[in-house]
2 protein chains.
Amino acid sequence: MYLGMPESDFPDIRGLHLFAEMSDEHFLALMRGSYVQNFPPQIQLIEEGDPSDFLHIVLSGSVELFSSWNHRETSMATVRPVSTFILAASVRDAPYLMSARTLEKSRIALIPSQDVRAVFDIDAHFARAIVTELAQCYRSVVKNTKDLKLRTSLERLANYLLRQQKRENGASEFDLPIEKRLLASFLGMTPENLSRAFKSLKSYGIHVSGNHIKILDQEDLEKFARPSALIDDFRS
Amino acid sequence: MYLGMPESDFPDIRGLHLFAEMSDEHFLALMRGSYVQNFPPQIQLIEEGDPSDFLHIVLSGSVELFSSWNHRETSMATVRPVSTFILAASVRDAPYLMSARTLEKSRIALIPSQDVRAVFDIDAHFARAIVTELAQCYRSVVKNTKDLKLRTSLERLANYLLRQQKRENGASEFDLPIEKRLLASFLGMTPENLSRAFKSLKSYGIHVSGNHIKILDQEDLEKFARPSALIDDFRS
DNA sequence: CCTTAGTCTTGATAAATATCAATTCAAGCT
DNA sequence: AGCTTGAATTGATATTTATCAAGACTAAGG
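Right, let's walk through the structure included here. Think of each chain on its own: its residues are numbered from 1, step by step along the sequence as written. Both sets of labels track the order of writing: A upward for chains, 1 upward for ligands. Per-residue local features of the predicted model are confined to residues with pLDDT of at least 70, and side-chain atom pairs are confined, for both listing and counting, to 80 or more; whole-chain, interface and lining totals are unaffected and use all residues. In computing side-chain values, all of the structure's heavy atoms are included and hydrogens and water are not.

Quick word on the packing of helix α5 (residues 113-122) of chain A against helix α6 (residues 124-150) of chain A
All names here are of chain A.
So, step 1. Put simply, α5 and α6 touch, their axes get as near as 6 Å, and they point 115° apart. Viewed along their axes, α5 and α6 form a crossing whose handedness is left-handed. Contacts between α5 and α6 pair Val116, Val119, Phe120 and Ile122 from the former with Ala124, Phe126, Ala127 and Ile130 from the latter. Here the axes come from fitting lines to C-alpha atoms, over the contacting stretch only for helices, and the angles between their N-to-C directions go from 0 to 180 degrees. Strands here mean DSSP runs of E at least two residues long; helices mean DSSP runs of H or I at least four residues long; both are numbered from the N terminus. Left-handed describes a crossing whose near helix is turned anticlockwise from the far helix through less than a right angle; right-handed describes the clockwise counterpart. Residue contacts follow a heavy-atom distance rule, with two residues in contact if any of their heavy atoms lie within 4.5 Å.

Structure representation (C-alpha coordinates):
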(Lines give C-alpha, C1' and ligand atoms only; values in the text may rest on other atoms or scores of the structure.)
Protein backbone atom coordinates (compact mmCIF):
# COMPACT_ATOMS: atom_id res chain seq x y z
CA MET A 1 0.00 0.00 0.00
CA TYR A 2 1.34 3.37 -1.00
CA LEU A 3 1.51 6.15 1.55
CA GLY A 4 2.44 9.64 0.42
CA MET A 5 4.14 10.43 3.69
CA PRO A 6 6.89 8.47 5.46
CA GLU A 7 5.50 6.70 8.51
CA SER A 8 8.33 8.16 10.55
CA ASP A 9 6.57 11.51 10.36
CA PHE A 10 3.29 10.16 11.69
CA PRO A 11 4.01 10.48 15.42
CA ASP A 12 4.86 14.18 15.23
CA ILE A 13 1.66 14.96 13.39
CA ARG A 14 -0.46 12.66 15.50
CA GLY A 15 0.89 14.49 18.54
CA LEU A 16 -0.75 17.74 17.54
CA HIS A 17 -3.99 18.55 19.34
CA LEU A 18 -5.61 18.76 15.96
CA PHE A 19 -5.00 15.08 15.14
CA ALA A 20 -4.65 13.52 18.58
CA GLU A 21 -8.22 12.39 19.17
CA MET A 22 -9.36 11.26 15.74
CA SER A 23 -9.74 7.61 14.75
CA ASP A 24 -6.75 5.73 13.35
CA GLU A 25 -8.68 5.02 10.22
CA HIS A 26 -9.38 8.67 9.50
CA PHE A 27 -5.89 9.71 10.45
CA LEU A 28 -4.45 7.23 7.98
CA ALA A 29 -6.90 8.38 5.34
CA LEU A 30 -5.57 11.91 5.76
CA MET A 31 -1.97 10.74 5.64
CA ARG A 32 -2.57 8.73 2.52
CA GLY A 33 -3.24 11.78 0.40
CA SER A 34 -0.51 13.87 2.01
CA TYR A 35 3.14 14.27 1.33
CA VAL A 36 6.23 15.77 2.85
CA GLN A 37 8.83 18.01 1.31
CA ASN A 38 12.10 19.58 2.39
CA PHE A 39 12.69 23.19 1.50
CA PRO A 40 15.81 25.37 1.62
CA PRO A 41 15.72 28.71 3.48
CA GLN A 42 13.87 31.69 2.03
CA ILE A 43 11.60 29.70 -0.24
CA GLN A 44 8.13 31.07 -0.71
CA LEU A 45 5.65 28.30 -0.01
CA ILE A 46 2.46 30.25 -0.40
CA GLU A 47 1.45 33.43 -2.15
CA GLU A 48 -1.47 35.33 -0.65
CA GLY A 49 -4.47 35.21 -2.92
CA ASP A 50 -3.75 31.69 -4.18
CA PRO A 51 -6.37 29.00 -3.64
CA SER A 52 -5.78 27.05 -0.45
CA ASP A 53 -5.14 23.56 -1.74
CA PHE A 54 -3.24 22.27 1.27
CA LEU A 55 -3.18 22.46 5.00
CA HIS A 56 0.49 22.90 5.89
CA ILE A 57 2.37 21.51 8.87
CA VAL A 58 5.87 22.60 9.88
CA LEU A 59 7.71 19.46 10.98
CA SER A 60 11.11 21.11 11.37
CA GLY A 61 12.68 24.48 10.65
CA SER A 62 10.45 27.55 10.74
CA VAL A 63 8.10 29.48 8.50
CA GLU A 64 7.20 33.14 8.34
CA LEU A 65 3.70 34.28 7.53
CA PHE A 66 3.63 37.72 5.97
CA SER A 67 1.41 40.01 3.97
CA SER A 68 1.92 42.69 1.39
CA TRP A 69 0.04 45.66 0.07
CA ASN A 70 1.10 48.45 -2.18
CA HIS A 71 4.78 47.50 -2.10
CA ARG A 72 4.76 47.35 1.70
CA GLU A 73 5.23 44.13 3.61
CA THR A 74 4.61 43.09 7.18
CA SER A 75 5.36 39.99 9.20
CA MET A 76 2.22 38.42 10.65
CA ALA A 77 3.61 35.43 12.57
CA THR A 78 6.37 32.88 12.78
CA VAL A 79 5.35 29.22 12.78
CA ARG A 80 7.57 26.71 14.58
CA PRO A 81 7.46 22.92 14.75
CA VAL A 82 5.22 21.12 15.18
CA SER A 83 2.23 23.15 14.12
CA THR A 84 -0.16 23.78 11.29
CA PHE A 85 -0.81 26.94 9.40
CA ILE A 86 -3.57 28.39 7.21
CA LEU A 87 -6.21 26.11 8.70
CA ALA A 88 -8.89 28.77 8.25
CA ALA A 89 -8.33 29.10 4.52
CA SER A 90 -8.37 25.30 4.18
CA VAL A 91 -11.67 24.74 5.92
CA ARG A 92 -13.34 27.69 4.18
CA ASP A 93 -11.89 26.74 0.81
CA ALA A 94 -10.99 30.41 0.43
CA PRO A 95 -7.81 32.07 -0.88
CA TYR A 96 -4.87 32.48 1.45
CA LEU A 97 -4.77 35.83 3.22
CA MET A 98 -1.08 35.56 4.01
CA SER A 99 2.02 34.46 2.18
CA ALA A 100 4.50 32.02 3.67
CA ARG A 101 8.21 31.51 3.29
CA THR A 102 10.73 29.29 5.02
CA LEU A 103 13.13 31.09 7.35
CA GLU A 104 15.54 28.18 7.46
CA LYS A 105 15.80 24.70 5.97
CA SER A 106 12.39 23.26 6.75
CA ARG A 107 10.41 20.08 6.47
CA ILE A 108 6.79 20.68 5.58
CA ALA A 109 3.84 18.29 5.41
CA LEU A 110 1.02 19.05 3.00
CA ILE A 111 -2.48 17.69 3.52
CA PRO A 112 -5.01 18.30 0.75
CA SER A 113 -7.61 20.77 2.02
CA GLN A 114 -10.45 18.79 0.54
CA ASP A 115 -9.40 15.74 2.54
CA VAL A 116 -9.43 17.87 5.67
CA ARG A 117 -12.97 19.00 4.93
CA ALA A 118 -14.08 15.47 4.06
CA VAL A 119 -12.74 13.94 7.24
CA PHE A 120 -14.14 16.82 9.23
CA ASP A 121 -17.62 15.73 8.15
CA ILE A 122 -17.23 12.12 9.28
CA ASP A 123 -15.05 12.38 12.39
CA ALA A 124 -16.57 14.24 15.31
CA HIS A 125 -13.33 14.30 17.30
CA PHE A 126 -11.49 15.87 14.43
CA ALA A 127 -14.31 18.39 14.00
CA ARG A 128 -14.08 19.27 17.68
CA ALA A 129 -10.32 19.71 17.43
CA ILE A 130 -10.59 21.95 14.39
CA VAL A 131 -13.06 24.19 16.19
CA THR A 132 -10.82 24.43 19.22
CA GLU A 133 -7.82 25.22 17.07
CA LEU A 134 -9.66 27.85 15.02
CA ALA A 135 -11.05 29.51 18.11
CA GLN A 136 -7.53 29.62 19.50
CA CYS A 137 -6.16 31.16 16.30
CA TYR A 138 -8.93 33.73 16.31
CA ARG A 139 -8.21 34.70 19.88
CA SER A 140 -4.49 35.04 19.13
CA VAL A 141 -5.18 37.49 16.35
CA VAL A 142 -7.58 39.47 18.52
CA LYS A 143 -4.89 39.72 21.18
CA ASN A 144 -2.45 40.89 18.57
CA THR A 145 -4.88 43.59 17.45
CA LYS A 146 -5.24 44.79 21.02
CA ASP A 147 -1.46 44.86 21.35
CA LEU A 148 -1.18 46.96 18.19
CA LYS A 149 -3.97 49.40 18.95
CA LEU A 150 -3.59 49.91 22.68
CA ARG A 151 0.17 50.03 23.08
CA THR A 152 3.07 52.13 21.81
CA SER A 153 5.90 50.37 20.06
CA LEU A 154 8.04 50.55 23.19
CA GLU A 155 5.30 48.90 25.23
CA ARG A 156 4.85 46.23 22.59
CA LEU A 157 8.53 45.41 22.69
CA ALA A 158 8.60 45.29 26.49
CA ASN A 159 5.64 42.92 26.55
CA TYR A 160 7.09 40.83 23.76
CA LEU A 161 10.20 40.30 25.86
CA LEU A 162 8.10 39.28 28.86
CA ARG A 163 6.14 36.82 26.72
CA GLN A 164 9.33 35.39 25.31
CA GLN A 165 10.70 35.06 28.80
CA LYS A 166 7.62 33.05 29.82
CA ARG A 167 8.17 30.72 26.88
CA GLU A 168 11.65 30.15 28.25
CA ASN A 169 10.11 29.20 31.59
CA GLY A 170 10.88 32.53 33.17
CA ALA A 171 14.64 32.50 32.61
CA SER A 172 16.16 35.91 33.19
CA GLU A 173 18.19 35.60 30.01
CA PHE A 174 17.40 34.09 26.64
CA ASP A 175 18.00 34.46 22.91
CA LEU A 176 15.62 36.12 20.52
CA PRO A 177 14.22 33.37 18.30
CA ILE A 178 14.09 35.56 15.19
CA GLU A 179 16.13 38.26 13.50
CA LYS A 180 15.59 41.77 14.81
CA ARG A 181 14.58 42.95 11.38
CA LEU A 182 11.76 40.42 11.44
CA LEU A 183 10.83 41.17 15.02
CA ALA A 184 10.52 44.84 14.11
CA SER A 185 8.12 44.03 11.32
CA PHE A 186 6.11 41.70 13.52
CA LEU A 187 5.81 44.41 16.18
CA GLY A 188 4.77 46.94 13.58
CA MET A 189 7.85 49.14 13.61
CA THR A 190 10.98 49.78 11.56
CA PRO A 191 14.32 48.09 12.34
CA GLU A 192 15.76 51.50 13.19
CA ASN A 193 13.11 52.11 15.79
CA LEU A 194 13.45 48.65 17.25
CA SER A 195 17.10 49.41 17.77
CA ARG A 196 16.25 52.63 19.56
CA ALA A 197 13.49 50.92 21.52
CA PHE A 198 15.97 48.36 22.88
CA LYS A 199 18.16 51.25 23.93
CA SER A 200 15.27 52.92 25.74
CA LEU A 201 14.52 49.71 27.61
CA LYS A 202 18.01 49.81 29.11
CA SER A 203 16.62 52.15 31.73
CA TYR A 204 14.17 49.43 32.73
CA GLY A 205 16.91 46.88 33.22
CA ILE A 206 17.10 45.25 29.78
CA HIS A 207 20.54 44.32 28.49
CA VAL A 208 20.94 43.40 24.84
CA SER A 209 23.95 41.92 23.13
CA GLY A 210 23.39 40.61 19.64
CA ASN A 211 20.29 38.50 19.97
CA HIS A 212 20.91 37.70 23.62
CA ILE A 213 18.58 39.37 26.13
CA LYS A 214 19.08 39.81 29.86
CA ILE A 215 16.31 40.99 32.10
CA LEU A 216 18.14 42.56 35.02
CA ASP A 217 15.18 44.12 36.82
CA GLN A 218 12.06 42.02 36.37
CA GLU A 219 9.89 44.18 38.57
CA ASP A 220 10.84 47.41 36.89
CA LEU A 221 10.21 46.00 33.43
CA GLU A 222 6.81 44.63 34.43
CA LYS A 223 5.87 47.91 36.02
CA PHE A 224 6.51 49.59 32.71
CA ALA A 225 5.09 46.89 30.42
CA ARG A 226 1.95 46.11 32.43
CA PRO A 227 1.39 42.71 30.82
CA SER A 228 -2.21 41.57 30.72
CA ALA A 229 -3.59 38.03 30.58
CA LEU A 230 -6.10 39.21 27.98
CA ILE A 231 -3.37 40.28 25.58
CA ASP A 232 -0.24 38.38 26.48
CA ASP A 233 -1.30 34.92 27.60
CA PHE A 234 -0.83 32.15 25.04
CA ARG A 235 -3.44 29.84 26.46
CA SER A 236 -6.91 30.99 27.43
CA MET B 1 -43.90 23.31 27.60
CA TYR B 2 -41.83 26.29 28.68
CA LEU B 3 -39.57 28.03 26.23
CA GLY B 4 -37.18 30.65 27.48
CA MET B 5 -37.40 32.61 24.28
CA PRO B 6 -40.51 33.90 22.49
CA GLU B 7 -41.19 31.83 19.39
CA SER B 8 -41.49 35.04 17.42
CA ASP B 9 -37.72 35.39 17.67
CA PHE B 10 -37.05 31.93 16.27
CA PRO B 11 -37.12 32.78 12.55
CA ASP B 12 -34.48 35.51 12.83
CA ILE B 13 -32.12 33.22 14.66
CA ARG B 14 -32.87 30.22 12.48
CA GLY B 15 -32.04 32.39 9.49
CA LEU B 16 -28.40 32.79 10.56
CA HIS B 17 -25.94 30.55 8.73
CA LEU B 18 -24.94 29.25 12.11
CA PHE B 19 -28.35 27.74 12.86
CA ALA B 20 -29.79 27.24 9.39
CA GLU B 21 -28.79 23.65 8.74
CA MET B 22 -29.15 22.01 12.14
CA SER B 23 -32.03 19.68 13.03
CA ASP B 24 -35.26 21.13 14.42
CA GLU B 25 -34.81 19.05 17.52
CA HIS B 26 -31.40 20.47 18.30
CA PHE B 27 -32.42 23.98 17.42
CA LEU B 28 -35.32 23.77 19.84
CA ALA B 29 -33.06 22.29 22.48
CA LEU B 30 -30.83 25.34 22.16
CA MET B 31 -33.76 27.73 22.28
CA ARG B 32 -35.16 26.06 25.35
CA GLY B 33 -32.25 27.11 27.52
CA SER B 34 -31.98 30.57 26.00
CA TYR B 35 -33.64 33.84 26.72
CA VAL B 36 -34.04 37.29 25.25
CA GLN B 37 -33.59 40.64 26.87
CA ASN B 38 -34.08 44.26 25.84
CA PHE B 39 -31.40 46.70 26.82
CA PRO B 40 -31.28 50.50 26.79
CA PRO B 41 -28.41 52.28 25.00
CA GLN B 42 -24.91 52.36 26.48
CA ILE B 43 -25.38 49.32 28.69
CA GLN B 44 -22.32 47.16 29.16
CA LEU B 45 -23.28 43.58 28.36
CA ILE B 46 -19.92 41.97 28.78
CA GLU B 47 -16.69 42.84 30.57
CA GLU B 48 -13.50 41.45 29.09
CA GLY B 49 -11.98 38.82 31.34
CA ASP B 50 -15.33 37.48 32.53
CA PRO B 51 -16.15 33.82 31.92
CA SER B 52 -18.07 33.30 28.68
CA ASP B 53 -21.37 31.93 29.92
CA PHE B 54 -23.45 32.87 26.90
CA LEU B 55 -23.29 33.10 23.17
CA HIS B 56 -24.91 36.43 22.32
CA ILE B 57 -27.07 37.31 19.33
CA VAL B 58 -28.05 40.84 18.36
CA LEU B 59 -31.68 40.70 17.23
CA SER B 60 -32.16 44.45 16.90
CA GLY B 61 -30.19 47.59 17.71
CA SER B 62 -26.39 47.41 17.67
CA VAL B 63 -23.52 46.44 19.91
CA GLU B 64 -19.97 47.69 20.14
CA LEU B 65 -17.11 45.36 20.94
CA PHE B 66 -14.21 47.17 22.58
CA SER B 67 -11.08 46.51 24.60
CA SER B 68 -9.17 48.35 27.25
CA TRP B 69 -5.67 48.38 28.60
CA ASN B 70 -3.93 50.74 30.93
CA HIS B 71 -6.74 53.31 30.86
CA ARG B 72 -6.81 53.30 27.08
CA GLU B 73 -9.72 51.96 25.09
CA THR B 74 -10.22 50.94 21.49
CA SER B 75 -13.20 49.89 19.42
CA MET B 76 -12.79 46.45 17.90
CA ALA B 77 -16.02 46.01 15.94
CA THR B 78 -19.67 46.93 15.69
CA VAL B 79 -22.18 44.09 15.61
CA ARG B 80 -25.47 44.59 13.75
CA PRO B 81 -28.59 42.44 13.51
CA VAL B 82 -28.86 39.61 13.03
CA SER B 83 -25.54 38.18 14.10
CA THR B 84 -23.75 36.46 16.94
CA PHE B 85 -20.77 37.63 18.88
CA ILE B 86 -18.06 36.04 21.07
CA LEU B 87 -18.52 32.63 19.50
CA ALA B 88 -14.84 31.82 19.97
CA ALA B 89 -14.91 32.40 23.72
CA SER B 90 -18.06 30.28 23.99
CA VAL B 91 -16.71 27.25 22.19
CA ARG B 92 -13.37 27.43 23.98
CA ASP B 93 -14.97 28.08 27.34
CA ALA B 94 -12.40 30.82 27.82
CA PRO B 95 -12.76 34.34 29.21
CA TYR B 96 -14.02 37.09 26.90
CA LEU B 97 -11.22 39.03 25.20
CA MET B 98 -13.47 41.99 24.45
CA SER B 99 -16.10 43.96 26.30
CA ALA B 100 -19.48 44.71 24.75
CA ARG B 101 -21.93 47.54 25.16
CA THR B 102 -25.16 48.47 23.41
CA LEU B 103 -24.93 51.50 21.15
CA GLU B 104 -28.70 51.94 21.02
CA LYS B 105 -31.77 50.24 22.42
CA SER B 106 -31.10 46.60 21.59
CA ARG B 107 -32.71 43.21 21.79
CA ILE B 108 -30.20 40.49 22.64
CA ALA B 109 -30.60 36.70 22.74
CA LEU B 110 -28.46 34.71 25.14
CA ILE B 111 -27.69 31.06 24.56
CA PRO B 112 -25.84 29.21 27.30
CA SER B 113 -22.32 28.40 26.06
CA GLN B 114 -22.45 24.91 27.48
CA ASP B 115 -25.55 24.15 25.41
CA VAL B 116 -23.70 25.36 22.32
CA ARG B 117 -20.84 23.00 23.07
CA ALA B 118 -23.20 20.12 23.85
CA VAL B 119 -25.18 20.49 20.64
CA PHE B 120 -21.97 20.91 18.70
CA ASP B 121 -21.00 17.38 19.72
CA ILE B 122 -24.22 15.77 18.52
CA ASP B 123 -25.16 17.80 15.45
CA ALA B 124 -22.74 17.60 12.54
CA HIS B 125 -24.43 20.39 10.60
CA PHE B 126 -24.15 22.73 13.52
CA ALA B 127 -20.51 21.75 13.95
CA ARG B 128 -19.84 22.49 10.30
CA ALA B 129 -21.53 25.86 10.60
CA ILE B 130 -19.54 26.79 13.68
CA VAL B 131 -16.30 25.99 11.90
CA THR B 132 -17.30 28.05 8.90
CA GLU B 133 -18.29 30.96 11.11
CA LEU B 134 -15.11 30.81 13.19
CA ALA B 135 -12.92 30.61 10.11
CA GLN B 136 -14.74 33.65 8.77
CA CYS B 137 -14.23 35.57 12.02
CA TYR B 138 -10.57 34.65 12.02
CA ARG B 139 -10.13 35.86 8.49
CA SER B 140 -11.86 39.14 9.29
CA VAL B 141 -9.46 39.84 12.11
CA VAL B 142 -6.47 38.97 9.95
CA LYS B 143 -7.70 41.42 7.31
CA ASN B 144 -8.08 44.05 9.99
CA THR B 145 -4.50 43.46 11.13
CA LYS B 146 -3.26 43.90 7.58
CA ASP B 147 -5.27 47.10 7.29
CA LEU B 148 -3.69 48.42 10.50
CA LYS B 149 -0.12 47.44 9.76
CA LEU B 150 0.13 48.11 6.05
CA ARG B 151 -1.82 51.34 5.70
CA THR B 152 -1.65 54.88 7.01
CA SER B 153 -4.71 56.26 8.76
CA LEU B 154 -5.70 58.21 5.65
CA GLU B 155 -5.56 55.06 3.55
CA ARG B 156 -7.57 53.16 6.14
CA LEU B 157 -10.29 55.80 6.07
CA ALA B 158 -10.38 55.85 2.26
CA ASN B 159 -10.73 52.09 2.12
CA TYR B 160 -13.31 52.09 4.89
CA LEU B 161 -15.43 54.45 2.81
CA LEU B 162 -15.12 52.20 -0.22
CA ARG B 163 -16.12 49.16 1.84
CA GLN B 164 -19.07 51.02 3.27
CA GLN B 165 -20.08 52.04 -0.21
CA LYS B 166 -20.07 48.39 -1.29
CA ARG B 167 -22.35 47.54 1.60
CA GLU B 168 -24.72 50.16 0.26
CA ASN B 169 -24.64 48.40 -3.11
CA GLY B 170 -22.24 50.88 -4.62
CA ALA B 171 -24.32 54.01 -4.04
CA SER B 172 -22.29 57.16 -4.54
CA GLU B 173 -23.71 58.63 -1.34
CA PHE B 174 -24.58 57.09 1.98
CA ASP B 175 -24.62 57.72 5.72
CA LEU B 176 -21.94 56.59 8.12
CA PRO B 177 -23.51 53.88 10.27
CA ILE B 178 -21.63 54.91 13.43
CA GLU B 179 -20.51 58.05 15.17
CA LYS B 180 -17.26 59.54 13.94
CA ARG B 181 -15.77 59.28 17.40
CA LEU B 182 -16.33 55.52 17.25
CA LEU B 183 -15.14 55.24 13.67
CA ALA B 184 -11.92 56.99 14.64
CA SER B 185 -11.31 54.47 17.40
CA PHE B 186 -12.14 51.56 15.12
CA LEU B 187 -9.69 52.84 12.52
CA GLY B 188 -7.01 53.31 15.16
CA MET B 189 -6.86 57.09 15.19
CA THR B 190 -8.06 60.03 17.28
CA PRO B 191 -11.29 61.90 16.50
CA GLU B 192 -9.24 65.00 15.73
CA ASN B 193 -7.23 63.16 13.14
CA LEU B 194 -10.28 61.56 11.61
CA SER B 195 -11.66 65.05 11.13
CA ARG B 196 -8.48 66.15 9.40
CA ALA B 197 -8.39 62.93 7.37
CA PHE B 198 -11.86 63.63 6.01
CA LYS B 199 -10.65 67.05 5.03
CA SER B 200 -7.64 65.59 3.22
CA LEU B 201 -9.91 63.26 1.28
CA LYS B 202 -11.73 66.25 -0.19
CA SER B 203 -8.97 66.42 -2.76
CA TYR B 204 -9.89 62.89 -3.84
CA GLY B 205 -13.52 63.80 -4.33
CA ILE B 206 -15.03 63.00 -0.94
CA HIS B 207 -17.70 65.34 0.37
CA VAL B 208 -18.73 65.11 4.01
CA SER B 209 -21.65 66.78 5.70
CA GLY B 210 -22.48 65.52 9.16
CA ASN B 211 -22.54 61.77 8.76
CA HIS B 212 -23.51 61.92 5.10
CA ILE B 213 -20.82 60.96 2.60
CA LYS B 214 -20.68 61.66 -1.11
CA ILE B 215 -18.13 60.04 -3.36
CA LEU B 216 -17.80 62.48 -6.22
CA ASP B 217 -14.87 60.89 -8.00
CA GLN B 218 -14.92 57.12 -7.63
CA GLU B 219 -11.89 56.54 -9.81
CA ASP B 220 -9.73 59.08 -8.04
CA LEU B 221 -10.60 57.70 -4.62
CA GLU B 222 -9.86 54.13 -5.69
CA LYS B 223 -6.60 55.19 -7.24
CA PHE B 224 -5.57 56.58 -3.89
CA ALA B 225 -7.08 53.86 -1.67
CA ARG B 226 -5.99 50.86 -3.73
CA PRO B 227 -8.53 48.51 -2.17
CA SER B 228 -7.53 44.85 -2.13
CA ALA B 229 -9.74 41.78 -2.08
CA LEU B 230 -7.40 40.27 0.50
CA ILE B 231 -8.02 43.08 2.97
CA ASP B 232 -11.31 44.68 2.07
CA ASP B 233 -13.62 41.93 0.86
CA PHE B 234 -16.23 40.79 3.36
CA ARG B 235 -16.75 37.37 1.88
CA SER B 236 -13.87 35.09 0.93
C1' DC C 1 42.39 35.70 5.91
C1' DC C 2 40.17 38.88 3.29
C1' DT C 3 36.01 40.07 0.85
C1' DT C 4 31.33 40.61 0.52
C1' DA C 5 26.66 41.05 1.56
C1' DG C 6 23.55 41.76 4.77
C1' DT C 7 21.97 43.11 9.25
C1' DC C 8 22.25 46.29 12.88
C1' DT C 9 23.08 50.72 14.78
C1' DT C 10 23.37 55.72 14.97
C1' DG C 11 22.42 60.46 13.85
C1' DA C 12 19.85 63.89 11.36
C1' DT C 13 15.63 65.01 9.49
C1' DA C 14 10.86 64.50 7.91
C1' DA C 15 6.32 62.80 8.24
C1' DA C 16 2.54 60.95 10.75
C1' DT C 17 -0.10 61.02 14.61
C1' DA C 18 -1.47 62.54 19.30
C1' DT C 19 -2.48 66.00 22.68
C1' DC C 20 -4.32 70.20 24.41
C1' DA C 21 -7.34 74.11 24.23
C1' DA C 22 -10.86 76.58 22.23
C1' DT C 23 -14.78 76.99 19.44
C1' DT C 24 -18.53 75.51 16.65
C1' DC C 25 -22.23 72.59 15.79
C1' DA C 26 -26.21 69.60 16.52
C1' DA C 27 -29.67 66.98 19.08
C1' DG C 28 -32.59 66.51 22.90
C1' DC C 29 -35.06 68.65 26.69
C1' DT C 30 -37.94 71.87 29.16
C1' DA D 1 -37.24 79.35 21.67
C1' DG D 2 -33.57 78.88 24.84
C1' DC D 3 -30.66 75.77 27.39
C1' DT D 4 -27.70 71.96 27.98
C1' DT D 5 -24.68 68.43 26.76
C1' DG D 6 -21.65 66.05 24.05
C1' DA D 7 -19.76 65.53 19.49
C1' DA D 8 -17.12 67.55 15.90
C1' DT D 9 -13.90 70.73 14.22
C1' DT D 10 -9.86 73.73 14.16
C1' DG D 11 -5.40 75.54 15.35
C1' DA D 12 -1.13 75.21 17.87
C1' DT D 13 2.08 72.19 19.64
C1' DA D 14 4.31 67.89 21.23
C1' DT D 15 5.28 63.20 20.65
C1' DT D 16 5.89 59.20 18.12
C1' DT D 17 7.39 56.94 14.30
C1' DA D 18 9.46 56.70 9.65
C1' DT D 19 12.93 57.82 6.31
C1' DC D 20 17.46 58.63 4.67
C1' DA D 21 22.31 58.21 4.86
C1' DA D 22 26.38 56.59 6.81
C1' DG D 23 29.11 53.59 9.40
C1' DA D 24 29.80 49.28 12.49
C1' DC D 25 29.28 44.74 13.03
C1' DT D 26 28.71 39.81 11.67
C1' DA D 27 28.60 35.61 9.25
C1' DA D 28 29.46 33.12 4.92
C1' DG D 29 32.33 32.22 0.93
C1' DG D 30 36.31 32.27 -1.85
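Next comes the rest of the account.
Concerning the protein's contact with DNA strand C
So, step 1. By convention in these notes, a residue is near a molecule or strand provided one of its non-hydrogen atoms lies within 4 Å of it. Not every one of the 15 residues close to DNA strand C is listed here, only the nearest: Lys180 and Arg181 of chain A together with Ser153, Asn193 and Arg196 of chain B.
So, step 2. Considering the 4 Å shell around the protein, atoms of DNA strand C inside it are sugar or phosphate in 66% of instances.
So, step 3. Within the side chain of Asn193 of chain B, an N or O atom sits 3.0 Å from a phosphate oxygen of DNA strand C.
So, step 4. Residue Arg196 of chain B places a side-chain N or O atom 2.8 Å away from a base oxygen belonging to DNA strand C.
So, step 5. Going through the elements one at a time, α8 (180-186) and α9 (191-201) of chain A together with α9 (191-201) of chain B are the ones with two or more residues in the surface near DNA strand C.
So, step 6. The residue classification treats Ala, Val, Leu, Ile, Met, Phe, Trp, Tyr, Cys and Pro as nonpolar and Asp, Glu, Lys and Arg as charged. All others, Gly included, are polar. Of the residues contributing to the surface near DNA strand C, the split by class is one nonpolar, six polar and eight charged. Polar contacts, as used here, are pairs of N or O atoms within 3.5 Å; protein pairs need one atom able to donate a hydrogen and one able to accept it. Residues neighboring in sequence count only if both atoms are side-chain atoms.

Some points on the packing of aromatic side chains
So, step 1. Two rings from Phe, Tyr or Trp (for Trp, the six-membered ring) form a pair when their centres are within 6.5 Å of each other. A pair whose planes differ by under 30 degrees is stacked, one over 60 is edge-to-face, and the rest are tilted. Scanning the model with the defined rule gives ten aromatic pairs over all chains in all.
So, step 2. Between Tyr35 of chain A and Phe54 of chain A the ring centres are 5.9 Å apart and the planes differ by 90°, which places this aromatic pair in the edge-to-face class. Placement of Tyr35 of chain A in strand β1 (residues 35-39) and of Phe54 of chain A in strand β3 (residues 54-60) is noted, with a sequence separation of 19 residues between them.
So, step 3. Following the ring pairs from residue to residue traces out a cluster consisting of Phe10, Phe19, Phe27 and Phe126 of chain A.
So, step 4. One Lys or Arg, Arg151 of chain A, reaches over the ring of Trp69 of chain B and ends 4.5 Å from the middle of that ring.
So, step 5. Distance and angle both matter: a charge sits over a ring if NZ of Lys or CZ of Arg is within 6 Å of the ring centre and within 35 degrees of the ring normal. If you follow Lys180 of chain B out to its NZ or CZ, it ends over the ring of Phe198 of chain B, 5.4 Å from the centre.

Examining the pattern of salt bridges
So, step 1. Take a side-chain nitrogen of Lys or Arg and a carboxyl oxygen of Asp or Glu: if they are within 4 Å of each other, that pair is a salt bridge. Under the criterion given, the structure shown has 26 salt bridges over all chains.
So, step 2. With a closest N to O distance of 2.8 Å, Arg72 of chain A and Glu155 of chain B form a salt bridge. Of this pair, Arg72 of chain A sits in strand β5 (residues 72-79) while Glu155 of chain B sits in helix α7 (residues 153-167), each in a different chain.
So, step 3. When salt bridges with common partners are traced through the structure, they connect Asp147, Arg151, Arg163 and Asp232 of chain A into a single cluster.

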